[in-house]
Amino acid sequence: MPKNAALILAAGKGSRMHSDRPKVLQSLLGEPMLAYVRAALRPVFGENVWMVVGHRAEMVEAAFPDARLVFQAEQLGTGHALMQALPALSEAGCTHLLVVNGDAPLFSEALARDFLAEAAGADLAFATIVLDNPGAYGRVVRKQGQVCGIVEAKDYNPALHGPESGEVNAGMYHLSLAAVESLLPRLGNDNKSGEYYITDLIALAVAENYTVRGVECGRDDSLLGVNSPLELARMEELLRARTAERLLASGVILHAPDLIRVSPLARIEPGAELTGPCEIYGRTEIRRGASVASHCVVRDCLIREGAEIRAFSHLEGAQVGEGALVGPFARLRPGAELEAESHVGNFVELKKTRLGRGAKANHLSYLGDARIGAGANIGAGAITCNYDGKHKYQTCIGEKAFIGSNTALVAPVSVGDNALVGAGSVITKNVPAHEMGIARGRQKNLPRKG
């Protein structure tokens, strides 16, 4: 059976972006555009997804540490990128290759599967779209309906190639590696850019009587790339609108949907409720019956059934249990975990802290590196002093413990089940279960001067 692989072209600088980052790392809805292309390919190809990287390759490698990379030290065109990748692909036993651009964030799994079905049996196939303004896209040349080649926009000559039809190369190819190995040595760079183009393989393949197929994709803009900040902004808005429409169609309740930004990589179940403006990024999962109010930012979180995230709360890398309440104005940092029916109120910050079932920290607290038992109550202004300048230490608070307002718990320290800590205490020693700890100076009243 043929062994298919995918190759993402991600080596370019993207000079028109005016950024120090590689173009493929420019973000849309909180994710680099390359992430969307890769996410669309992995269900089709599994681990057989490769990336060609070049400009600031170390940044791409850092963003995708598990990716299979091919390094293109000099960026001499798409054909040159294919030359660099061919040895690794051949060694991996690949027989057919899907090549896509890394700057096409609307690319989808469905588009890949449909194209592969249309390309089946061809030695070389490529996708085409029709644009009213073809811009810098390579022009498709046909004679009597049959593909003759692709000519880069800057090299297109109507007198030589005929009048433009608006049909352009969409930058997606399906190639037989046997055909590619035969044709690549003949690929030249005699053009205005002095680069090696994959597109030139088409004319070479036609001349050698290989089966070449131009798969017409109409006006599908899912293959369009991003080349400037203006195009990035337009593409991001299009991606946002498509995601909102998909969520509404699935049964998610969106209030002010034009103001809601949800990453396509997030999973929002039917029956969840979002109110704009809000931002949902990363691999966030929001379960049925949960709600996120306006002005919230949620990234890489799990929000379970019936949980309520009130306005102006920020959550990152957190888990919120069934029926739990967060905010308003709460901050949950990575490692924060709220069990069912627990409460985190206004101006409370959690970091690497587990709040037990029904436990409450309703206002003005910092709880870091802590384990808080079920039913515990954390008073206003309480903090865990978890860092001594070199190391982090843990605070353990038992079930149904009561921590008075304005208490400082100097870790490592524990407060037992049903224990009470008096308000204003600085606790440096463990408080046993069912006892009261109090640590504050004796009050003195002195005559007032003046």
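You'll find the structure just up there.
Residues numbered from 1 in each chain as written. Predicted model: local features only at pLDDT ≥ 70, side-chain atom pairs only at ≥ 80, totals over all residues. Heavy atoms only, no water.

**Student:** Would you explain the overall build of the chain in this entry?
**Tutor:** Along the chain, the regular secondary structure elements total eight helices and 37 strands. Taking 2.2 N^0.38 as the reference for a compact globule, 450 residues should give roughly 22 Å; the C-alpha atoms of the chain span a radius of gyration of 29 Å, well beyond that estimate. C-alpha atoms of the chain, sized along the principal axes, occupy 100 × 55 × 45 Å. Every one of the 450 residues in the chain was classed for burial, and the buried ones make up 49%. Contacts spanning at least 24 positions in sequence make up 41% of the contacts within the chain whose residues lie at least 6 apart. For the chain, the accessible area works out to roughly 21,000 Å², and carbon and sulfur atoms hold 49% of it. The centroid of the 47 positive side-chain charges in the chain is displaced by 10 Å from the centroid of its 49 negative side-chain charges. (Helix = DSSP H or I, 4+ residues; strand = E, 2+ residues; numbered from the N terminus. Rg over C-alpha atoms; globule rule 2.2 N^0.38 Å. Buried < 20%, exposed > 50% of the residue type's maximum accessible area, 1.4 Å probe, protein only. Contact = heavy atoms within 4.5 Å. Areas by Shrake-Rupley, 256 points an atom, 1.4 Å probe, with all protein chains shown as cover. Lys, Arg positive; Asp, Glu negative; His and termini not counted. Charge placed at Lys NZ, Arg CZ, Asp CG, Glu CD.)

**Student:** Please clarify how the packing of aromatic side chains should be interpreted in this entry.
**Tutor:** Any aromatic ring pair is given by two values, namely how distant the centres are and how the planes are angled relative to each other. Summed over all chains, the structure comprises two aromatic pairs. Residues F312 and F329 carry aromatic rings whose centres are separated by 4.9 Å and whose planes lie at 5 degrees to one another, so their mutual orientation is stacked. Placement of F312 in the loop between β21 (308-309) and β22 (314-316) and of F329 in the loop between β24 (325-326) and β25 (331-332) is noted, with a sequence separation of 17 residues between them. Residue classification places F329 among the partly exposed residues on the basis of a relative accessible area of 37%. Summarising the aromatic geometry, the rings of F329 and F347 are spaced 5.2 Å apart at their centres and angled 15 degrees between planes, so their arrangement reads as stacked. Of this pair, F329 sits in the loop between β24 and β25 while F347 is found in strand β27 (residues 343-355), placing the two residues 18 residues apart along the sequence. Members of the aromatic cluster, connected to one another through ring pairs, are F312, F329 and F347. In this structure, K392 is placed above the aromatic ring of Y387, and the distance from its NZ or CZ to the ring centre is 5.3 Å. (Phe/Tyr/Trp six-rings, centres within 6.5 Å; stacked < 30°, edge-to-face > 60°. Lys NZ or Arg CZ within 6 Å of the ring centre and 35° of its normal.)

**Student:** Just to check I follow, could you spell out the packing of helix α1 (residues 33-45) against helix α4 (residues 109-119) for this structure?
**Tutor:** Each pair of packed helices can be summarised by the angle the axes make with each other and by the distance between the axes. Packing of α1 against α4 brings their axes to within 8 Å, and their N-to-C directions diverge by 50 degrees. The orientation of α1 with respect to α4, classified from their angle, is oblique. When the axes of α1 and α4 are compared, the crossing they make is right-handed. Every residue of α4 that contacts α1 at A40, P43, V44 and F45 is listed here: E109, A112, R113 and L116. Broken down by class, the residue content of the contact of α1 with α4 amounts to six nonpolar, no polar and two charged. (Axes fitted to C-alpha atoms, helices over the stretch in contact; angles between N-to-C directions. Parallel < 35°, antiparallel > 145°, perpendicular 65-115°, else oblique. Left-handed = near helix turned anticlockwise from the far one by under 90°. Nonpolar A, V, L, I, M, F, W, Y, C, P; charged D, E, K, R; others polar.)

**Student:** Hey, could you run me through the nonpolar core in this one?
**Tutor:** Side chains of nonpolar character tend, in soluble globular proteins, to be buried together. Counting 52 residues, the largest nonpolar core has I280 and L332 as the members making the most contacts within it. Listing elements by their share of this core, those giving two or more residues are α8 (229-250), β13 (260-262), β16 (278-281), β27, β28 (360-372) and β34 (413-415). Residues contacting I280, with those up to four places away along its chain left out, are R261, V262, S263, A266, I268, L274, I286, V292 and V298. Counting 51 residues, the second-largest nonpolar core is a separate cluster that includes M17, M33, V60 and A127. (Core = buried A, V, L, I, M, F, W, Y, C linked by side-chain atoms within 4.5 Å.)

**Student:** Could you clarify how one ought to interpret the environment of T243 in this entry?
**Tutor:** Among the structural elements, T243 can be located in helix α8. Judged by relative accessible area, T243 falls into the buried class, the value being 3%. Excluding anything up to four places from it in sequence, T243 contacts V262, S263 and P264. Separated by 2.8 Å, the side chain of T243 and the backbone oxygen of L239 make a polar contact. (Polar contact = N/O pair within 3.5 Å; in protein donor to acceptor, adjacent residues only side chain to side chain.)

**Student:** Even after reading the chapter, I still don't get the environment of A419, so can you show me in this structure?
**Tutor:** Assignment of secondary structure puts A419 in the loop between β34 and β35 (420-421). Each C-alpha atom, one on A419 and one on E399, is 8.6 Å from the other, the two residues being 20 residues apart in sequence. With residues up to four places along the chain from it excluded, the contact list for A419 reads K400, A401, F402, V431, P432, H434 and E435.

**Student:** For this particular structure, what's the right way to read helix α3 (residues 78-91)?
**Tutor:** Given 3.6 residues per turn, any residue in an α-helix points the same way as the ones three and four places further on. Its 14 residues place the ends of α3 21 Å apart at the C-alpha level, agreeing with the 20 Å of an ideal helix rising 1.5 Å per residue. At A85, α3 is bent by approximately 40 degrees, the largest bend along its length, and proline P87 sits one to four residues beyond. Looking at α3, one finds that the buried residues are G79, H80, A81, L82, A85, L86 and L89. Backbone geometry just downstream of α3 places G93 in the positive-phi region, at approximately 80 degrees. (Expected span 1.5 Å × (residues − 1). Bend = angle between axes of the 7 residues up to and from the residue.)

**Student:** Would you mind showing me how to read the pattern of salt bridges here?
**Tutor:** When charged atoms on two side chains of opposite charge get close, those side chains can pair. For the coordinates displayed, the defined rule picks out 26 salt bridges. With its nearest N and O atoms 3.9 Å apart, the salt bridge here joins E269 to R287. With E269 in the loop between β14 (267-268) and β15 (273-275) and R287 in the loop between β17 (285-286) and β18 (291-292), the pair connects residues that are 18 residues apart, well separated along the chain. Using a relative accessible area of 18% as the deciding quantity, one classes E269 as buried. (Salt bridge = Lys/Arg side-chain N within 4 Å of Asp/Glu carboxyl O.)

**Student:** Help me understand the pairing of strand β9 (residues 146-151), please; the structure alone is not making it clear to me.
**Tutor:** Regular strands place their side chains on alternate faces of the sheet. Bridging between strand β8 (residues 139-143) and β9 involves five bridges; their strand directions are antiparallel. When the bridges of β9 are listed, V141 appears paired with G149. In this structure, the hairpin formed by β8 and β9 is closed by a connection of two residues, where Q144 is found at a positive phi of approximately 55 degrees. (Pairing = 2+ DSSP bridges.)

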